[in-house]
Amino acid sequence: MKRNKHIAGIITAAMLAATLMAGCGANPTGDSIEKETESTVESVAEKETESTAENVTEKEENVSESENVSEAESAAPVSSGSSYDDVENGTTKVKYTGKGDVPGYLELSQVLTVGESYTISEICEALKQIEDFQDEPDITYSMIDCGSDGEEELLVEAQLSAAFGLDMIIKDIDGEFVICYDQSATERSYISVSADGTIESGGASAANIHNMDYAFVDGAGEYHFFYGVTETLSVFDTYDIYVGDSVTSISAEGIDAEHMAVLEYYFEENYEERNSFYSFYTFDDSYNEVDTEEGRADIAEFGARFKDAGYLIYDQDGINAVLKDRAEEIGYPGQL
């Protein structure tokens, strides 16, 4: 509408100009006035059309450039041709498959979708759905060699806050970066990943109860749980074994249970699926392991009560033999 009003004003101005010329002695005919007016209108209209077209083209180009920049920022590539450096700087995403998840307070399964890919920053941001971290994550990247086969993997250690951390192992599998293992730690637990892909983690569930788990990622990027052990120092009244909603209580009456340690071993990472077996030792008032005649008698009596309840027990030589067989079975590369 503005463009039409502008042209109408030009036509009026042209007619006034012709009238003035006639009043000043000029004698243009009606035809010449009409032609001049038409010529002026056509010229102005042509310039207006060209100007409008140029402006539209320029705006379209600017919008296109803006869209390209936005897409480049948000769409990090997932496919081959990238390197671990690209994962570190956030220009390449890693795929979450749901494999290698270790149960814990922060679990990727709670915030990520199986089959989708994310940058490391996006993963850390997603975990804020579970815990609202106030600080920016402090992320350390290092190269390891799972399985010691000469093919490197990327270890990501993200300190999300003073109380929470996340470790991940990333592997290039057929040109696609994949999360092979992920595990969180809290202020009461720890994670240690070695250069060969072996993993040790542990923590305390009480002042006298400590647990350690051992696992590894092999050269193919597969996560394997080796074994875990929970150590309970001092037993008061009973030693309680929980399975689902049921509990088995083994009496400690008549033995020096205050100086008794119970070691619960398991090959199943999932707590609800464990078939535990047990070992024992005795310690002095300074918590140093000791071997005394009285201690051996207490261990024999307590072990008999575990057997009567249907549980397997071993001495230290028996435990070593069982763990050696387990290591050979799953190909554990570390030392026992």
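Residues numbered from 1 in each chain as written. Predicted model: local features only at pLDDT ≥ 70, side-chain atom pairs only at ≥ 80, totals over all residues. Heavy atoms only, no water.

Before going further, it helps to spend a moment on the overall build of the protein. Helix and strand content of the protein: 6 helices and 16 strands. In the protein, once contacts between residues fewer than 6 apart in sequence are set aside, the share between residues at least 24 apart is 48%. As presented, the protein carries roughly 19500 Å² of accessible surface, and 47% of it is formed by carbon and sulfur atoms. (Helix = DSSP H or I, 4+ residues; strand = E, 2+ residues; numbered from the N terminus. Contact = heavy atoms within 4.5 Å. Areas by Shrake-Rupley, 256 points an atom, 1.4 Å probe, with all protein chains shown as cover.)

As enumerated under the stated definition, the model contains 6 salt bridges in all. When the shortest N-O distance is used, the salt bridge between E125 and K128 registers 3.4 Å. By relative accessible area, which is 26% here, K128 ends up partly exposed. K171 is the partner of E153 in a salt bridge, and the nearest nitrogen-oxygen pair spans 2.7 Å. Placement of the pair is E153 in strand β4 (residues 153-159) and K171 in strand β5 (residues 164-173), with a sequence separation of 18 residues. The same class applies to E153 as to K171, namely buried. By sharing partners, the salt bridges in this structure join E151, E153 and K171 into a single network. (Salt bridge = Lys/Arg side-chain N within 4 Å of Asp/Glu carboxyl O. Buried < 20%, exposed > 50% of the residue type's maximum accessible area, 1.4 Å probe, protein only.)

The next thing to look at is the side chain of T230. Examined against the element boundaries, T230 turns out to sit in strand β10 (residues 223-233). The exposure class of T230 is buried, given its relative accessible area of 14%. Look past the residues within four positions of T230 in its chain and what remains in contact with it is I209, H210, N211, V262, L263, E264 and Y266.

Joining two cysteines, a disulfide is a covalent bond between their sulfur atoms. The tally for this structure, following the rule as stated, stands at 0 disulfides. Free of any disulfide, C146 has its nearest cysteine sulfur in C180, 7.2 Å distant. In this structure C146 comes out as buried when scored by relative accessible area, which is 0%. (Disulfide = S-S within 2.5 Å.)

Where strand β7 (residues 189-193) and strand β8 (residues 198-206) come together, 5 bridges link them in antiparallel fashion. Residue pairing in the sheet places S189 in a bridge with G203 of β8. (Pairing = 2+ DSSP bridges.)

Our focus in this paragraph is the packing of aromatic side chains. According to the stated counting rule, one finds 22 aromatic pairs in the structure shown. Judged by centre distance (4.9 Å) and plane angle (25 degrees), the ring pair of Y214 and Y227 falls under stacked. Here Y214, found in strand β9 (residues 209-217), pairs with Y227, found in strand β10; they are 13 residues apart in sequence, far enough to count as distant. The exposure classification of Y214 matches that of Y227, with both residues buried. In this structure an aromatic cluster arises from ring pairing among Y214, F216, F226, Y227, Y265, F267, F277, Y314 and Y332. Taking NZ or CZ as reference, R274 lies 3.7 Å from the ring centre of Y266, over its face. (Phe/Tyr/Trp six-rings, centres within 6.5 Å; stacked < 30°, edge-to-face > 60°. Lys NZ or Arg CZ within 6 Å of the ring centre and 35° of its normal.)

This next bit is on the side chain of S201. Mapped onto the secondary structure, S201 falls in strand β8. Looking at S201, its side chain comes within polar contact range of the side chain of Q183, at 3.1 Å. Contacts of S201, omitting those with residues within four sequence positions, involve Q183, Y190, I191, N211, M212 and D213. (Polar contact = N/O pair within 3.5 Å; in protein donor to acceptor, adjacent residues only side chain to side chain.)

Another point: the confidence of the model for the protein. For the protein, the average pLDDT comes to 83, and 76% of its residues sit at 70 or higher. Taken together, the stretch residues 1-74 has pLDDT below 50 and engages in 17 contacts with residues farther than four places along the chain or on a different chain. (pLDDT = per-residue confidence, 0-100.)

What follows deals with the pairing of strand β11 (residues 238-243). Where β11 and strand β12 (residues 246-251) come together, 6 bridges link them in antiparallel fashion. Residue Y239 lies in a different strand from β12, and its bridge partner there is I250. The hairpin formed by β11 and β12 contains 2 residues between the paired strands, and G244 there has a positive phi angle of roughly 65 degrees.

Considering soluble globular proteins, one finds that nonpolar side chains tend to be buried as a cluster. Ranked by internal contacts, the top residues of the largest apolar core, which has 26 residues, are L108, I123 and M168. Of all the elements in the fold, those that place two or more residues in this core are α3 (84-89), α4 (120-126), β4, β5 and β6 (176-186). Excluding its chain neighbours within four sequence positions, the residues that come into contact with M168 are L108, I120, I123, L154, L155, V156, I179, Y181 and D182. Grouped together as the second largest cluster of nonpolar side chains are 18 residues, V229, Y265, F277 and F283 included. (Core = buried A, V, L, I, M, F, W, Y, C linked by side-chain atoms within 4.5 Å.)

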